[in-house]
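Reading the structure
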Amino acid sequence: MKKIAILCSGGDVSGMNAALKRFVEYTLDKGMKPYFVENGYEGLIDGHIHEAGYNDVAGIISIGGTKIRTSRSERFKEERYRKKALENLRSQGISGLVILGGDGSFKGMQKLTDESDDIGCIGIPSTIDNDIAGTEYCLGVDTALNGIRVAIDAIRDTASSFGRAFVIEVMGRECGYLALVSALTSGAEMCLIPEIPYDLQAYKEDFIREKSEGRSYFIAVVSEAMKHTEKIAGWFEKEIGIESRMTVLGHIQRGGIPTVHDRLMAFNFVTAAVDALIGGDRSAVVCYDNGIFVCKGIEEVAFKAYHIDEGLLRLGREFGFK
Ligand code: ADP
Ligand code: F6P
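What this report covers is the structure whose coordinates are included nearby.

Ordered in space as 3-2-1-4-5-10-11, the 7 strands form an open sheet in which the pairing is mixed. One side of each edge strand has no neighbouring strand; the edge strands of this open sheet are strand 3 (49-51) and strand 11 (292-296). Shown here is a sheet whose adjacent strand axes are inclined to one another by a mean of 25°, direction ignored. Sheet topology note: the strand 4 (residues 94-101)/strand 5 (residues 120-125) ladder contains 6 bridges and is parallel. Counterpart to Leu97 in the pairing with strand 5 is Cys121. Helix-sheet contacts for helix 1 (residues 16-29) involve strand 1 (3-8), strand 2 (33-37) and strand 4, and the interaxial angle to strand 2 is about 150°.

Near ligand 2, the surroundings consist of Arg72, Thr127, Ile128, Asp129, Met171, Gly172, Arg173, Glu224, His251 and Arg254. The side chain of Glu224 places a nitrogen or oxygen atom 2.6 Å from an oxygen atom of ligand 2. Coverage of ligand 2 by the protein amounts to 75% of the 400 Å² it exposes when considered alone. Classifying every residue of the shell around ligand 2 gives 2 nonpolar, 3 polar and 5 charged. Here the shell around ligand 2 spans two domains, since at least three of its residues come from each of domain 1 (3-140 + 258-305) and domain 2 (142-254).

For the rest of this paragraph, the subject is the site of ligand 1. If you check the shell around ligand 1, you find 15 residues, and the closest are Arg72, Ser73, Gly102, Gly104 and Ser105. Lys111 is positioned such that a nitrogen or oxygen atom in its side chain is 3.1 Å from a nitrogen atom of ligand 1. For ligand 1, whose free accessible area comes to 550 Å², the fraction covered by protein is 82%. No other element matches the 6 residues that helix 5 (residues 103-114) contributes to the shell around ligand 1. Each residue belonging to the shell around ligand 1 can be placed in one class, and the counts come to 2 nonpolar, 8 polar and 5 charged.

Membership of the largest hydrophobic core comes to 111 residues, with the highest contact counts inside it found for Leu44, Leu97, Met190, Ile219 and Phe236. For this core, the element with the highest residue contribution is helix 10 (residues 260-278), accounting for 9 residues. Mapping this core onto the domain boundaries places at least three of its residues in each of domain 1 (3-140 + 258-305) and domain 2 (142-254). Ile219 has contacts with Ile152, Ile155, Arg156, Ala159, Phe166, Ile168, Ala188, Glu189 and Met190, leaving out every residue within four places of it along the chain.

Turning next to the side chain of Asp131. Of note, Asp131 is situated in the loop between strand 5 and helix 6 (141-162). Buried within the structure, Asp131 lacks any salt-bridge partner; its nearest side chain of opposite charge belongs to Arg173, at an N-O separation of 5.2 Å.

Next up on the list: the packing of helix 1 against helix 10. Put simply, helix 1 and helix 10 touch, their axes get as near as 8 Å, and they point 40° apart. In terms of their interaxial angle, helix 1 and helix 10 are classed as oblique. Note on packing geometry: the crossing formed by helix 1 with helix 10 is right-handed. Each of Ala18, Ala19, Arg22, Phe23, Tyr26 and Thr27 in helix 1 lies in contact with helix 10, whose residues at this interface are Arg263, Ala266, Phe267, Val270, Thr271, Val274 and Asp275. Taken together, the residues that form the contact of helix 1 with helix 10 break down as 8 nonpolar, 2 polar and 3 charged.

Rules behind the numbers
Residues numbered from 1 in each chain as written. Chains lettered and ligands numbered in written order. Predicted model: local features only at pLDDT ≥ 70, side-chain atom pairs only at ≥ 80, totals over all residues. Heavy atoms only, no water. Pairing = 2+ DSSP bridges. Helix = DSSP H or I, 4+ residues; strand = E, 2+ residues; numbered from the N terminus. Axes fitted to C-alpha atoms, helices over the stretch in contact; angles between N-to-C directions. Contact = heavy atoms within 4.5 Å. Near = heavy atom within 4 Å. Polar contact = N/O pair within 3.5 Å; in protein donor to acceptor, adjacent residues only side chain to side chain. Areas by Shrake-Rupley, 256 points an atom, 1.4 Å probe, with all protein chains shown as cover. Nonpolar A, V, L, I, M, F, W, Y, C, P; charged D, E, K, R; others polar. Domains from an automatic or database assignment. Core = buried A, V, L, I, M, F, W, Y, C linked by side-chain atoms within 4.5 Å. Buried < 20%, exposed > 50% of the residue type's maximum accessible area, 1.4 Å probe, protein only. Lys, Arg positive; Asp, Glu negative; His and termini not counted. Salt bridge = Lys/Arg side-chain N within 4 Å of Asp/Glu carboxyl O. Parallel < 35°, antiparallel > 145°, perpendicular 65-115°, else oblique. Left-handed = near helix turned anticlockwise from the far one by under 90°.

Here it is in structure tokens:
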């Protein structure tokens, strides 16, 4: 009987547990044996691999994070440890591996498939940053965006009550996607992301005028990539003449109950990944492209730069982000 395994690598996202549940159930439905690799590539190297069953995934669908844990592994970057990882899979008779992770994890995955001819690997883009080329969606993004929305809505309550400017820093690594979508959907007055060069003088002219017309508070969403959160809070006090506070949302953006969208996306990503392994695909990433799930070569995904959709950037500019 064909045996296939799944692991999580890099930053965790909400929806990984829904993916694990689907993986176990769909694999069993297809008459194969599902296995879990605990603790990402670290666990793969150390042989923490075990057969999984219905009991392992009961009740996890609504829980964020990942039941089988994740890791970042320096050892995996060395060939001798990847060799060990491959031996561990072979020793259990496992011929396929599904990897939930970001582009770093896929680079590691490519080495694994390059260095073997008997084990196939399929990636599922999973990162709140939504910064992977070739796919319009990465698992976990919707839950992160909704978490940020809840936080900004709450901050707006106190900002408007006190008449303050709030500068809110959101994650995204080098990508402004989370910040841009959050700023748009929260009605923020300012959004600073790497993809739109910012113009503080133009903001100042608008904000001074708006203040004179009665605006009493401001919400600014700043991507962590800018590293300017503190500076912007000071700028509001000095240049706009309004008391300011800053909030770094941090890792709360990575957790929380997975949204309906992320649960559905998890099911679909996993179905496509398992089907790819059954179909004999040896090295690919499942991408969500124009409403369908398609497998693409790792080169197209992990080695290309991600660009935020031009329509979304245009909307940002129309909303006054400059
Ligand atoms: P993400 O997958 O979210 O982008 P990382 O960039 O931290 O996260 O990568 C996750 C793991 O993937 C790393 O800790 C490492 O084990 C593995 N990895 C990343 N890049 C490579 C590489 N060039 N060669 C081998 N393994 C890699
Ligand atoms: O890639 C996901 C992410 O949450 C980024 O948004 C953030 O910059 C980074 O991981 C934080 O990493 P760590 O959990 O190692 O602090």
